[in-house]
Amino acid sequence: MTEASGLIVRYRDRLPLPAGAAIISLSEGDTPLVRLQSLSDARRGIEVFAKFEGLNPTGSFKDRGMTMAVSMAVHQGARAIICASTGNTSASAAAYAARAGITAFVVIPEGKIARGKLAQAMMHGATVIQITGNFDAGMAIVKKMPDEAPVTLVNSVNPFRLQGQKTAAFEVVDCLGRAPNYHFLPVGNAGNISAYWMGYCEYAESGLANARPIMVGCQATGAAPFLRGAAVAQPETVATAIRIGNPQSWDLALAAQRESGGWFLAADDDAILAAQKYLAENEGLFCEPASAVSVAGLRAELSRSAIPDGATVICTLTGHGLKDPDTAIAQSTEPIRVGSTMDEVRSVILDSG
Ligand code: F0G
C-alpha cells in the first residue's frame with residue numbers, strides 16, 4: 001500500500017472536507033509549470049509558463065474539483081452523481097464515480113463532444129445521456145434533477161468543485177515562489193477562473209503570496225458572453241469544451257476580472273487552432289483546442305504590447321490534446337504513403353531536406 005496522495009492530502013488544511021471523510025482520489029494535481037521558451041522574451045524580461053492541466057489523471061483540470069465533489073457526495077451518502085458536460089466534466093465524473101463505486105449520469109450535447117471524452121465516459125461505465133440541445137440546455141435540466149431523483153449535482157455550481165480547483169493557484173505560487181503578474185485562462189462555464197481567483201486571494205490573505213495576478217479570461221469568439229455582456233443563445237466554436245453561452249459562475253468570474261484589474265478577450269477559431277498547432281510544433285505541448293485559447297489570447301496581447309516588460313505570465317492549458325484527435329488530424333498534413341522498401345522511405349527523408 002502506498003500512502004494516499006493527491007491534492008486533498010496536499011492541501012488538506014485549506015479544503016473543507018470533514019475529518020474522517022474518505023478521500024476519493026486518483027492522485028490528481030501537482031501538474032507541471034512548463035516554461036514556454038518561444039513566448040518568453042529574455043530582452044524584455046517576460047517569462048511565460050504553461051500550467052499543463054492535461055497531465056491530470058483523466059486529462060483535464062476537472063479532476064481537481066471532482067476529487068472534492070465526489071468525496072463530499074460519498075461522505076453525505078450519495079449513491080449517484082450527475083452532470084451536464086461538454087466532455088471533460090463527464091469524463092472526470094465517470095472516473096471518480098467508478099473509483100467510489102457509485103453511479104454517474106452524464107448529460108452531453110449529441111455530436112458536440114470530442115471523441116476521447118466520450119470514450120472515457122463510456123469506458124468508466126457512466127450512463128451517457130445524449131440530448132439534442134447544447135450544454136446550456138443540459139445544465140438547465142441537471143440543475144433541477146436533485147429535486148426529482150436521488151442524484152448529487154457535480155457541475156461547478158457544486159461549491160466543492162471550486163474548492164478543489166482553487167488548488168491550481170496554490171500550486172502556481174508554490175512552484176514560482178510568488179504570485180505571477182498575469183494569468184490567462186480559457187473561460188466557458190466560468191468555474192475555473194472563479195476558482196483560481198479564490199485560490200490566489202486565499203494565499204495572499206494568508207501571507208503566502210505578496211500579490212495577486214491580473215486575470216485574463218479568454219473566450220472563443222462564437223461563444224463569448226463575457227465580451228457581449230449577456231448570454232449567447234447559440235454558441236458555436238471548434239473548441240467544443242467551451243461551447244457555452246450561459247455561464248453558471250457569471251458573477252464570480254466578473255468579480256475575478258474586476259478585482260484583479262483584468263479583462264476578457266475573444267479569439268476566433270482560426271487563432272485558437274493556430275495557437276494549438278503552435279504549442280505542439282514549437283513547445284512540444286499538445287493541448288486541446290479550448291486550452292489553446294489562453295495562448296491565442298496571450299499571443300494577441302503580446303503583439304499589441306499589452307504585457308509590460310518584466311512580467312511573469314501563466315497560461316493554463318486545461319486539457320490534453322489527445323482528448324480530441326479528430327480536430328488535431330483535420331488540421332494536420334496527411335501522412336506520406338509509400339511502399340515498404342528502403343529506397344522509397346530513404347527518398348522521402350532525402351527529399352524533405
Ligand atoms: N477548458 C477545457 C478543456 C474545458 O473542458 C472547460 C470546461 C474549460 C476550459 C472552461 O472551464 O467551464 O470552468 O470556465 N469544460 C466543462 C465540461 C464545461 O463540461 O467539461 P470553465
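Residues numbered from 1 in each chain as written. Predicted model: local features only at pLDDT ≥ 70, side-chain atom pairs only at ≥ 80, totals over all residues. Heavy atoms only, no water.

### Let's talk about the side chain of K62
Mapped onto the elements, K62 comes out in helix α2 (residues 62-75). E288 is the oppositely charged side chain nearest to the buried, salt-bridge-free K62, at an N-O distance of 8.9 Å. Here the side chain of K62 touches T89 through a polar contact of 3.5 Å, side chain to side chain. Those residues in contact with K62, other than ones at most four positions away along the chain, are N88, T89, S92 and R161. (Helix = DSSP H or I, 4+ residues; strand = E, 2+ residues; numbered from the N terminus. Buried < 20%, exposed > 50% of the residue type's maximum accessible area, 1.4 Å probe, protein only. Lys, Arg positive; Asp, Glu negative; His and termini not counted. Salt bridge = Lys/Arg side-chain N within 4 Å of Asp/Glu carboxyl O. Polar contact = N/O pair within 3.5 Å; in protein donor to acceptor, adjacent residues only side chain to side chain. Contact = heavy atoms within 4.5 Å.)

### Examining the packing of α2 against helix α3 (residues 88-100)
Here α2 crosses α3 at 40°, and the two axes come no closer than 9 Å. By the angle between their directions, the pair α2 and α3 is classed as oblique. Crossing angle aside, the handedness with which α2 passes α3 is right-handed. Across the interface between the two elements, K62, D63, M66, T67, V70 and V74 of α2 pack against N88, T89, S92, A93, Y96 and A100 of α3. (Axes fitted to C-alpha atoms, helices over the stretch in contact; angles between N-to-C directions. Parallel < 35°, antiparallel > 145°, perpendicular 65-115°, else oblique. Left-handed = near helix turned anticlockwise from the far one by under 90°.)

### As for the packing of helix α7 (residues 167-176) against helix α8 (residues 191-205)
It is at 7 Å that the axes of α7 and α8 come closest, and there the two elements cross at 50°. Regarding the angle of α7 to α8, the classification is oblique. Regarding α7 and α8, the two cross each other, and that crossing is right-handed. For the pair formed by α7 and α8, the contact residues are A168, A169, F170, V172, V173 and D174 on the first element and Y196, G199, Y200, E202 and Y203 on the second. Tallied by class, residues from the contact of α7 with α8 come to 8 nonpolar, 1 polar and 2 charged. (Nonpolar A, V, L, I, M, F, W, Y, C, P; charged D, E, K, R; others polar.)

### Considerations on the site of the ligand
Surrounding the ligand, one finds 20 residues, the nearest of these being S85, N189, A190, N192 and T318. One of the backbone N or O atoms of A190 is found 2.7 Å from an oxygen atom in the ligand. In the environment of the ligand, an oxygen atom lies 2.8 Å from a nitrogen or oxygen atom belonging to the backbone of N192. Burial of the ligand by the surrounding chains reaches 99%, relative to a free accessible area of 470 Å². (Near = heavy atom within 4 Å. Areas by Shrake-Rupley, 256 points an atom, 1.4 Å probe, with all protein chains shown as cover.)

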